[in-house]
Amino acid sequence: MYEQPFWKAPAATDAAPRPRPRLSIVAPCYNEEACLDAFYHRAVAAASTVAGDDFEIVLVDDGSRDATWHIISNLAEYDPRVLALRLSRNHGHQLALSAGLDLCHGELILIIDADLQDPPELLGSMIDTMMREQADVVYATRAERQGETWLKRATAKGFYRLLALASDGTDIPLDTGDFRLMTRRALDVLNAMPESSRFIRGMVAWIGFTQVPFRYQRDERYAGTTKYPLVKMVRLALDALTGFSSAPLRLAGYMGLVFTLLATAMIAFAIAEWAAGQTIPGWTSLIVVVLVIASAQMFVLGLMGEYIGRIYNQSKNRPLYIVRDVVGGLRETPALGVVAAEPAAETPCPVEIPQQADV
């Protein structure tokens, strides 16, 4: 157990606010009923090793269709260290994670998925790295990705490198997901960023402070199937590119310039052929040029539409998430969303709860 960690400064006044737990573990959950039992026990064991009984586990049900809410709500009923949040619908991974980060209460925050591809047992080593480097963020970099197809590995590798080249002044680490450890001051800055199209790993990189890597081997899913199919991966990639780079707009400008030059050359060619009294053969070349230019225009309009769509969604200023139900000790006031919760009915807990250590 760590005594007087560097991130926990003494109170500035005699009237100290309600003390924060040393650690919050935040995990969004979507149809993870098969993983939650193992995740809960492994997370509790890892947190107890570094923080004793001074921690909380924030589980966010992102509109699951299975027994996920039944399990996490009963965990919160029987274990006061668990905070269960149920969103009003499926908001998506990044917004569900934002809800957990907005409402967690710890001095240190571990972001992790409930599928156990990211081992909770690495928490102690990540804290050691944070203390040694005096860092505000320790981000886990994947040395290997077990249980994933070659196509997903190849596209992920290409995406991270493309994003690194295109990002405007933000050094987004390669091969890095949302699995990371953060200090409270870094999280407070993150929670002050209200954009609705969120790419959290990029937003954390934008914050700055001292951020250091932690290499690890990513495991296969403990159970179930991936909750990030191709469509959601493409959407996340678009959010990342449009949120951290204006390069697509510059690309649209370059393409417009190139096709303008090509069109000018074709006009000059047509005038020269007319002056020489020669008939331009056929219509194939004309149709090809028209289709190429039209497709380029549609591509440019599509890029602009992505950026305009982000501006439109942000201008509505809607809350990022709505919490339908809360079970457990909610201590934070939401800054990014709305808590419209009603008391949940008490039902028998289907997960065995380990005994808490005596305080």
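Please refer to the structure higher up on the page.
Residues numbered from 1 in each chain as written. Predicted model: local features only at pLDDT ≥ 70, side-chain atom pairs only at ≥ 80, totals over all residues. Heavy atoms only, no water.

Chemist: How should the packing of helix α1 (residues 36-51) against helix α4 (residues 123-133) be read in this particular structure?
Modeler: A pair of packed helices can be characterised by two numbers: the angle between their axes and the separation between those axes. In the contact formed by α1 and α4, the axes pass within 9 Å of each other and the chain directions differ by 35°. Taking contact as the criterion, the partners of Ala46, Ala47 and Val50 in α1 are, on α4, Leu123, Gly124 and Ile127. (Axes fitted to C-alpha atoms, helices over the stretch in contact; angles between N-to-C directions. Helix = DSSP H or I, 4+ residues; strand = E, 2+ residues; numbered from the N terminus. Contact = heavy atoms within 4.5 Å.)

Chemist: What's the story with the state of the cysteines in this structure? I'm lost.
Modeler: Chemically, a disulfide is nothing more than a covalent bond linking the sulfur atoms of two cysteines. Under the defined criterion, the tally for this structure stands at zero disulfides. Looking at the unpaired Cys29, the closest cysteine sulfur is the one in Cys35, lying at 9.2 Å. Residue classification places Cys29 among the buried residues on the basis of a relative accessible area of 1%. (Disulfide = S-S within 2.5 Å. Buried < 20%, exposed > 50% of the residue type's maximum accessible area, 1.4 Å probe, protein only.)

Chemist: Explanation requested: the packing of aromatic side chains in the structure shown.
Modeler: Here a ring pair, both rings aromatic, is described through the centre-centre distance and the interplanar angle of the planes. Tallied over the entire structure, the rule returns one aromatic pair. Taking 5.4 Å as the distance between ring centres and 75° as the angle between the ring planes, the aromatic pair formed by Phe179 and Tyr216 counts as edge-to-face. Here the residue Phe179 occupies a position in strand β6 (residues 176-183), and Tyr216 occupies one in strand β7 (residues 211-218), the gap between them amounting to 37 residues. Phe179 sits in the buried class, given a relative accessible area of 3%. Directly above the aromatic system of Phe209 lies the positively charged group of Arg185, at a separation of 4.5 Å from the ring centroid. (Phe/Tyr/Trp six-rings, centres within 6.5 Å; stacked < 30°, edge-to-face > 60°. Lys NZ or Arg CZ within 6 Å of the ring centre and 35° of its normal.)

Chemist: Help me out: how do you make sense of the pairing of strand β2 (residues 55-61) in this one?
Modeler: Where burial is concerned, most of β2 is hidden: seven out of the seven residues are buried. Here β2 shows a buried face lined by Phe55, Ile57, Leu59 and Asp61 and a second buried face lined by Glu56, Val58 and Val60. Pairing geometry for strand β1 (residues 23-29) and β2, over seven bridges, is parallel. Opposite Leu23, over in β2, you have Phe55 as the bridge partner. Read as a crossover between parallel neighbours, the route from β1 over α1 to β2 is right-handed. Pairing between β2 and strand β3 (residues 82-87): five bridges, direction parallel. In the sheet register, Val60 faces β3, and the bridge partner there is Leu85. This β-α-β element, β2 to helix α2 (residues 68-78) to β3, shows right-handed connectivity. (Pairing = 2+ DSSP bridges. Right-handed = clockwise from strand over helix to strand, strands pointing away.)

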